[in-house]
Amino acid sequence: MIARSITWLIAIAAVLLVGWYGYRGLVQSKPDLPQAEAAVPESEAPETTANTELPIEPSDWIGRIDYRGLDRNFDAIARRPEMAGLAVAIVEDGALRFVQTYGVTDKRSGEWVMPETVFRWASVSKGVAGALAAKLSSQGALNIDAPIANWQTSLRLPGGANSTVTLQQLLSHQTGLVKNSYDRKLEDGQSPGILRASLAGAPLKCIPGTCHSYQNIAFDASAEILAQTAGTLYSASTRDLFFEPLGMDSVGFGLGGLTQNRSWARPHWGDEVRTLQDTYFLLPAAAGISSNIVDMARWMQAQMGSDPEVLSAEMLAQAHAPIVKTPRVYGGKLSRSLLQPAYGLGWRSFTYARRRLVGHSGAVEGYRATMVFDPEARTGVVAMWNNAWGKPFGIPFAVLDSYYGGGEHDWLDISDIPLPEPKPPVVGDLP
């Protein structure tokens with residue numbers, strides 16, 4: 001009896017020992033976060049995603065792109081104190097070749113970002129409205145060259161321009177309004193519908209229909225028009241015509257479309273976790289979509305022509321085609337490297353390294369997102385992060401440089417960027 005008890009004790013000890021070293025292996029498989037993010041517990045390791053077919057391991061990263069080198073650069077950016085979490089997916093030659101996540105969803109809890117973590121698309125959402133307009137137009141249900149006065153909408157433009165500005169011009173930001181008209185009022189809690197009606201008295205940048213001037217509140221009148229044409233809610237029509245056929249199960253609209261998920265990224269400003277507000281969630285066509293990185297990549301593949309039964313070549317050509325010239329996008333060296341910037345139906349385009357690229361980026365408080373792809377090469381990048389730092393906007397161009405075989409700039413170099421100044425202690429803080 002004593003011998004049997006000793007045998008059981010030895011067996012239990014062995015199991016515990018194996019479990020401890022297995023646990024340590026899991027913890028050590030995810031790099032430690034920097035000192036600036038010391039609130040992240042080192043004892044919690046991320047669970048492996050349930051979708052084992054995703055290219056999440058270095059052995060899966062096959063192609064002409066230097067995925068391992070880029071992964072190191074992405075990790076270095078994500079470790080900066082300006083960042084919280086980051087998700088990146090790369091499509092090369094039409095195939096999903098790379099999915100990787102970094103950092104945390106919330107600096108307070110230390111929950112890791114995973115492939116299923118949901119982020120906000122912000123203004124990348126605008127391309128969905130453009131694609132829906134192109135699809136309905138190709139079906140003969142919608143005339144994008146008709147004036148917006150032909151539909152019942154809350155939008156009122158100065159001087160009765162509803163009767164002259166077309167749906168195509170609305171989707172390409174040619175309302176004539178001063179850039180981002182009344183966005184601050186939206187952020188202060190005013191109703192989007194009331195604000196759209198009050199735009200009748202807003203200042204103009206140019207005669208409506210004659211220049212590009214980026215909008216959110218006015219642009220979202222397209223959701224009203226497209227919903228009337230489809231005969232259902234805008235969210236329902238996009239889900240029925242796009243997201244369900246494409247298998248994009250994580251896509252959601254509005255505040256609940258983000259927060260109802262098991263894993264979702266909280267908005268950050270540096271180390272501070274910001275409180276979510278409805279604001280831009282109330283603009284479904286302009287900024288209302290959220291999803292995980294895999295579904296965002298799936299949407300990009302559809303824009304490359306992977307699913308002609310959902311989005312035909314004709315529809316894509318109509319949505320992406322440049323309609324109006326725009327000012328430069330981004331800033332600094334990147335801005336100077338993107339030539340011939342233009343806007344189509346909810347999509348930007350520009351020339352980079354002598355190739356025409358299509359995409360869009362987005363920014364709302366505590367979130368950033370970007371999608372840039374080469375339609376001819378069927379290669380591109382999607383990235384989302386839950387902080388306001390602009391450096392990751394260079395990610396797509398670093399990836400494309402690797403695909404093209406070199407570039408003039410290292411878009412991901414952070415060696416000369418100083419660390420932020422530490423915050424002064426507040427009353428009650430320990431020294």
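Residues numbered from 1 in each chain as written. Predicted model: local features only at pLDDT ≥ 70, side-chain atom pairs only at ≥ 80, totals over all residues. Heavy atoms only, no water.

1. With respect to the state of the cysteines
Turning to step 1, where the next piece is worked out: For the structure on display, the rule yields one disulfide.
Turning to step 2, where the next piece is worked out: There is a disulfide in this structure between C206 and C211, and the S-S distance comes to 2.0 Å. Across the S-S bond of C206 and C211 the torsion is about -85°, and the bridge reads as left-handed. One exposure class covers both C206 and C211, and it is buried. (Disulfide = S-S within 2.5 Å. Buried < 20%, exposed > 50% of the residue type's maximum accessible area, 1.4 Å probe, protein only.)

2. Description of the confidence of the model for the chain
Turning to step 1, where the next piece is worked out: Taken as a whole, the chain shows an average pLDDT of 89; of its residues, 86% reach a score of 70 or greater.
Turning to step 2, where the next piece is worked out: Segment residues 1–51: pLDDT under 50, and 48 contacts once partners within four positions in sequence are set aside and those in other chains are kept.
Turning to step 3, where the next piece is worked out: Confidence drops under pLDDT 50 across residues 425–431; counting only partners more than four residues distant or on other chains, this segment forms zero contacts. (pLDDT = per-residue confidence, 0-100. Contact = heavy atoms within 4.5 Å.)

3. A short note on the pairing of strand β11 (residues 355–364)
Along a regular strand, successive side chains alternate from one face of the sheet to the other.
Turning to step 1, where the next piece is worked out: Extensive coverage of β11 is indicated by the burial of seven of its 10 residues.
Turning to step 2, where the next piece is worked out: With five bridges connecting them, strand β10 (residues 348–352) and β11 associate as antiparallel partners. Bridging from a neighbouring strand, T351 pairs with R356 of β11.
Turning to step 3, where the next piece is worked out: Joining the antiparallel neighbours β10 and β11 is a turn of two residues, in which A353 adopts a positive phi near 50°. (Helix = DSSP H or I, 4+ residues; strand = E, 2+ residues; numbered from the N terminus. Pairing = 2+ DSSP bridges.)

4. Description of the sheet that holds strand β3 (residues 118–120)
Turning to step 1, where the next piece is worked out: Strand order in this open sheet of three strands is β3-β7-β4, and the pairing throughout is antiparallel. Of all the strands in the sheet, just β3 and β4 (252–253) have a single pairing partner and so form its edges.
Turning to step 2, where the next piece is worked out: By the bridge criterion, two bridges tie β4 to strand β7 (residues 289–292) in an arrangement that is antiparallel. Its bridge partner being in β7, G252 is matched across the sheet by S290.

5. A word on the nonpolar core
Turning to step 1, where the next piece is worked out: In terms of nonpolar packing, the biggest core is built from 86 residues, with Y234 and W299 touching the most fellow members.
Turning to step 2, where the next piece is worked out: Beyond its immediate stretch of four places on either side in the chain, W299 contacts W121, G127, V128, A131, F242, F243, L246, M248, L311, W347 and M371.
Turning to step 3, where the next piece is worked out: The next biggest cluster of nonpolar side chains, apart from the first, holds 36 residues, and it includes Y67, I77, A398 and L400. (Core = buried A, V, L, I, M, F, W, Y, C linked by side-chain atoms within 4.5 Å.)

6. Regarding the sheet that holds strand β12 (residues 367–374)
Turning to step 1, where the next piece is worked out: One open sheet accounts for eight strands, arranged β2-β1-β13-β12-β11-β10-β9-β8; its pairing is antiparallel. At either end of the open sheet lies a strand with only one pairing partner, and these are β2 (95–103) and β8 (324–325).
Turning to step 2, where the next piece is worked out: Its contacts with the sheet place helix α2 (residues 67–78) against β1 (85–92) and β2, and it is angled at close to 30° to β2. (Axes fitted to C-alpha atoms, helices over the stretch in contact; angles between N-to-C directions.)

7. Regarding the pairing of strand β9 (residues 339–343)
Turning to step 1, where the next piece is worked out: When β8 meets β9, the two strands line up antiparallel, connected through two bridges. Residue pairing for β9: V324 is matched across the bridge by Y343.
Turning to step 2, where the next piece is worked out: A loop of four residues connects β9 with β10, the two strands running antiparallel in sequence, and G346 in this loop sits at a positive phi of about 80°.

8. Let's talk about helix α12 (residues 313–320)
For the α-helix, the turn length of 3.6 residues means that residues three or four positions removed from each other point alike.
Turning to step 1, where the next piece is worked out: Turning to α12, its buried residues number three or more, namely M315, L316, A319 and H320. Viewed end-on, α12 has its buried residues packed into an arc of 115°, placing them on one side of the element. Exposed residues lying more than 90 degrees from the buried face of α12 are A313 and E314.
Turning to step 2, where the next piece is worked out: In this structure, the buried side of α12 is in contact with α3 (126–138), α11 (293–303), β10, β11 and β12. (Arc of directions from axis to C-beta.)

9. A look at the packing of aromatic side chains
Turning to step 1, where the next piece is worked out: Under the defined criterion, the tally for this structure stands at 16 aromatic pairs.
Turning to step 2, where the next piece is worked out: Ring centres of Y67 and F98 lie 5.7 Å apart, and the angle between their planes is 10°; on these two criteria the pair is classed as stacked. Of this pair, Y67 sits in helix α2 while F98 sits in strand β2, and the two are 31 residues apart along the sequence.
Turning to step 3, where the next piece is worked out: Look at F74 and F98: their rings are 6.0 Å apart centre to centre, the planes differ by 75°, and that puts the pair in the edge-to-face class. Within this pair, whereas F74 is found in helix α2, its partner F98 is found in strand β2, the two being separated by 24 residues in sequence.
Turning to step 4, where the next piece is worked out: A relative accessible area of 0% places F74 in the buried class.
Turning to step 5, where the next piece is worked out: Exposure remark for F98: the relative accessible area of 0% places this residue in the buried category.
Turning to step 6, where the next piece is worked out: Among the aromatic residues, those joined into a cluster by ring pairs are Y330, F350, Y352, W385, F393 and F397. (Phe/Tyr/Trp six-rings, centres within 6.5 Å; stacked < 30°, edge-to-face > 60°.)

10. So, the packing of α3 against α12
Turning to step 1, where the next piece is worked out: Packing of α3 against α12 brings their axes to within 9 Å, and their N-to-C directions diverge by 130°. One finds that α3 runs oblique with respect to α12. With respect to the hand of their crossing, α3 and α12 are arranged in right-handed fashion. Across the interface between the two elements, G130, A131, A134, K135, S137 and S138 from α3 touch E314, M315, Q318 and A319 from α12.
Turning to step 2, where the next piece is worked out: Classifying every residue of the contact of α3 with α12 by side-chain character gives four nonpolar, four polar and two charged. (Parallel < 35°, antiparallel > 145°, perpendicular 65-115°, else oblique. Left-handed = near helix turned anticlockwise from the far one by under 90°. Nonpolar A, V, L, I, M, F, W, Y, C, P; charged D, E, K, R; others polar.)

11. A look at unusual backbone geometry
Turning to step 1, where the next piece is worked out: The backbone phi angle of Q340 is positive, close to 50°, even though this residue is not glycine.
Turning to step 2, where the next piece is worked out: The residue Q340 is located in strand β9 in this model.
Turning to step 3, where the next piece is worked out: The phi angle at R354 is positive, at roughly 65°, despite the residue not being glycine.
Turning to step 4, where the next piece is worked out: Residue placement: R354 occurs in the loop between β10 and β11.

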